[in-house]
Structure formats: structure tokens, C-alpha cells
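An overview of the molecular structure
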Amino acid sequence: MTGNISLAQGREYLAIPGPSVMPEEVLRAMHRPAPNIYAGALIDMMPGLTADLRSMARTKHNVAIYIANGHGAWEAALANTIAPGETVLVPASGRFSHGWAEMARGLGAETRIIDFGKSAPWDMGRIAEALRADTAHKIKAVLAVHVDTSSSIRNDVPGLRKLLDELEHPALLMADCIASFGCDVFEMDAWGVDVMVTACQKGLMVPPGVGFVYFNDKAAAKRATMPRVSWYWDWVPRGNPDEFFQYFGGTAPTHHLYGLRAALDLIHGEGIEHVWARHAKLARAIWAACEIWAEGGDLVLNVADPAFRSHAVTALRLDSGKGTALRQWTEQTLGLTLGIGLGMAAPGDPARDKFFRLGHMGHLNGQMVMGLLGSIQAGLTALNVPHGKGALEAAAGVIAS
């Protein structure tokens, strides 16, 4: 047989920044008949499940569960804390910061966006200026995206809390940890976060469909002042239910809960500190390879400073415009799916073909990362993309160290 031979047979590898690879334990836990939702094991499982969710976020406070994606968690957080006409401050370092701001505007809030572009983290000086100028304390919350999935920037959430405290500004600190939860270090109480939102399809390794909103006493006090909160979005019964159905505002997402239980068992069995350390080391291996490839002059890491790079996703650019071609080659030829360059260029702009992302979150180990990097190097070679030599050796050195 001659000509191009596909090597995509066998198990595919989805290396996009969510939904992430799902462990077999999660899939097996979900593969069961529908359970009784009025009595029995599912109901008995909930106190332990919510306790483990709180433990994972390093908080003693409340968690509310929604049958929703991350956008639904955004809306739930806002619906419980921000009344129409109130103001939120949004330091933006990627597409998802703007998305949360759009959600706030849709609920009638005034938004003040400080745009730091698509490749730079927050400038605390500029945020301080905006907060200092707010002498009437019209800003009721700061919507802080910890890791922006589009740009792969990891922002300094505890630094933002320090700034708010130094300025004695009473705004709620609300953190979007959808991309970072279970991947990058996050400690809700120690960092002084009032509201945190996340979802199940990334570091939690469960199919999309469940979102979470964590809230502390300060946020609960703000909820108590709201003129109205819809029955469905209200976090009060979800965070402190008297009956099982109140966890979910109705019928439970039964099979997601079984999958989530299995995922939490894996995470707590490994230990959250080790989970964080594993993601950090595998991310450093990926960066080591990318930095060598970048010596060829075509590939660019979107975030120059490693201190502000996510441990869950890496955004990249090929100045030759072959980002889309690389994604297509690895998927069609090798069975490896890379992430699109979401939010980095407008729809219809040819520049969109430059960008792609690597998801390295959740159910991930060293051999998977080396396979990911080897596949990308094969694609760069096949497409004649200029790249530095020795990338796989550099990644292997990080893993071996």
C-alpha cells in the first residue's frame, strides 16, 4: 500500500480545553439504570458529595449545584448578588471575561471593563485606579476570571483580594474557576474569594451539564438584600436544602452525580495537592517543548511569562497561518484533536487559522503528554512549519527531573 496512510485508528485523544478526557471509572459509574430520586443511595450520597466539593475548593462555606454549563453558573452567581442598575468591574484578559460581562449586562447590570488584551494578565495598578475612583462604592462586585480558557492567562486572584482589602473597597470578589478548578491551585477561603463558579467538564472530568456556585457569608448577606431572585436560580435552598429536590431546583442530574462521585473519589484518592503538582509539572513539560519549537520563528506561546500561564490550557499561534491545518492533520492522521483558537480573532478573519490550544487538564498523565507533543511535532514536520529541534527531549527532561 502506498500514499498517505491514516494512523488515526484506535482510541482517539481529545486534547481540547474541555470537555476533558473522562476516566473509565467515571464512565462506568454513569453506565447504570435510572435510580430512585425519592429515597435510597442517591439521596444518601449528597452530604458526602457536597462536603468533598467544599474540601476541593478549600472552603467551609456553601456550594450550590445547577443543571447548567459554566454560563449557567455565571448567571446564577450574578442573579443572587447583582440587582439591575448595580455596577460590576471586569478586568478582562480574554474572551471569557467579556462573556461574563455580557451576562451581567443581560441581567441589567452596568459593566466597567478594563481590557488588558488577549496576551497580558491583569495590571493591578489600573485596577486600583478604577477602585480608588469609585468613592461612592457603586461597584458591587469584581468579576475575576482566574484562568481564561481562550487566552490561557492565569491571573492573580489573591493579589486582587489584597488590593480590595488595602483600598477598603467592599465589592464582592467573584472568581471564575471553570478552567482552573482541579488543575491550578485555588483556595477559596485563604484567598478571600466571596463567590466562585465552576463546572464539571474540565478538571472534574465529568461530561458537561453541571455547574457549581460557591458562596461565603458576605455573599449570602448580599443575597439577602436582593429585591428578587427567581425560584430556579436562588442559591439559598440549593446551598442548604431541606429536601433532596432542592439541591437541583427539581429533578436531579442523576447520572452526572454518579460520575461526579467517581471523579471526586479519584481526586481525593490522589490528593488535591498532588493533583495541582501533577498539572504543574505536565504543563512545564508542554511549555518546554513549545519554547524549543518557537525557536524556529513561527510558533508563539500566547502568554510570554510562565508565571501567568495556566496549568490546564496553553494557547498558541502559528504565524504562518497553519494552526487550523495542524489541527486537521493531527485529527485526521493521528486521531488527536487539538483545541480551536477560541476568541483570538473575529469570525471570518483569516487570522483565526493561526491559533490553536492544547488542553492538559484532569485525567492526564506523562505518557499522554509525550504522545501529544510527539503528534504535534509530526504535524509541524508534515506541514513544513519551521520549528526548533529538540522539543521532545526538553519535555522528557522536565518529566524525568
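Structural data are supplied above this passage.
Attention in this report is confined to the structure presented alongside it. Keep in mind it's a predicted model, so treat the numbers as computed, not measured.

With that settled, the discussion passes to the pairing of strand β8 (residues 211-215). Each regular strand carries side chains that alternate between the two faces of the sheet. Counting buried positions over the five residues of β8 gives five, a clear majority of the element. Side chains of β8 alternate between two faces, with G211, V213 and F215 and F212 and Y214 buried alike. Relative to β8, strand β2 (residues 62-66) is paired through five bridges, and the arrangement is antiparallel. Within β8, the residue paired with A64 across the bridge is V213.

Now for the pairing of strand β12 (residues 355-359). Within β12, five of the five residues are buried, leaving the element largely enclosed by the surrounding structure. The sheet contact formed by strand β10 (residues 313-318) and β12 spans five bridges and is antiparallel. Directly across from T314, in β12, lies its bridge partner L358. Taken together, the two bridges between strand β11 (residues 336-340) and β12 define a ladder with antiparallel strand orientation. Bridged to I340 within β12 is F356.

What follows is about the sheet that holds β12. If you trace the five strands from one edge of the open sheet to the other, you get β1-β11-β12-β10-β9, paired in mixed fashion. In the strand order of this sheet, the two ends are held by β1 (13-15) and β9 (299-301), each with one partner. When strand polarity is set aside, the average angle formed by the axes of neighbouring strands in this sheet is 35°. Strands β9, β10 and β12 of the sheet are contacted by helix α11 (residues 272-294), whose axis makes an angle of about 140° with β9.

It is worth spelling out the packing of aromatic side chains at this point. Taken as a whole and judged by the stated rule, the model has 10 aromatic pairs. Both rings, one in W74 and one in W100, keep their centres 6.2 Å apart while their planes meet at 10°; by these two values the pair is stacked. Residue W74 is located in helix α3 (residues 70-79), and its partner W100 is located in helix α4 (residues 95-106); the two are separated by 26 residues in the primary sequence. Linked through ring pairs, Y66, Y232 and W233 together constitute an aromatic cluster. Between R32 and the ring centre of Y258, over which it is positioned, the NZ or CZ distance is 3.7 Å.

Turning to the nonpolar core, a few remarks are in order. Counting 57 residues, the largest nonpolar core has I127, F186, V193, M196, F212 and Y214 as its most contacted members. Take this core: its biggest share by element is seven residues, from helix α10 (residues 254-270). Filtering out sequence-adjacent residues up to four positions away, V193 remains in contact with V157, L173, A175, F186, M188 and N216. If you look at the next biggest cluster of nonpolar residues, it comprises 33 residues, including Y13, A288, V369 and A395.

Along the polypeptide, L173 turns up in strand β6 (residues 172-176). Once residues within four sequence positions are removed from consideration, L173 is found in contact with V142, A144, V157, L160, R161, L164, W191, G192, V193, D194 and V195.

Calculation rules
- Residues numbered from 1 in each chain as written.
- Predicted model: local features only at pLDDT ≥ 70, side-chain atom pairs only at ≥ 80, totals over all residues.
- Heavy atoms only, no water.
- Buried < 20%, exposed > 50% of the residue type's maximum accessible area, 1.4 Å probe, protein only.
- Helix = DSSP H or I, 4+ residues; strand = E, 2+ residues; numbered from the N terminus.
- Pairing = 2+ DSSP bridges.
- Axes fitted to C-alpha atoms, helices over the stretch in contact; angles between N-to-C directions.
- Contact = heavy atoms within 4.5 Å.
- Phe/Tyr/Trp six-rings, centres within 6.5 Å; stacked < 30°, edge-to-face > 60°.
- Lys NZ or Arg CZ within 6 Å of the ring centre and 35° of its normal.
- Core = buried A, V, L, I, M, F, W, Y, C linked by side-chain atoms within 4.5 Å.

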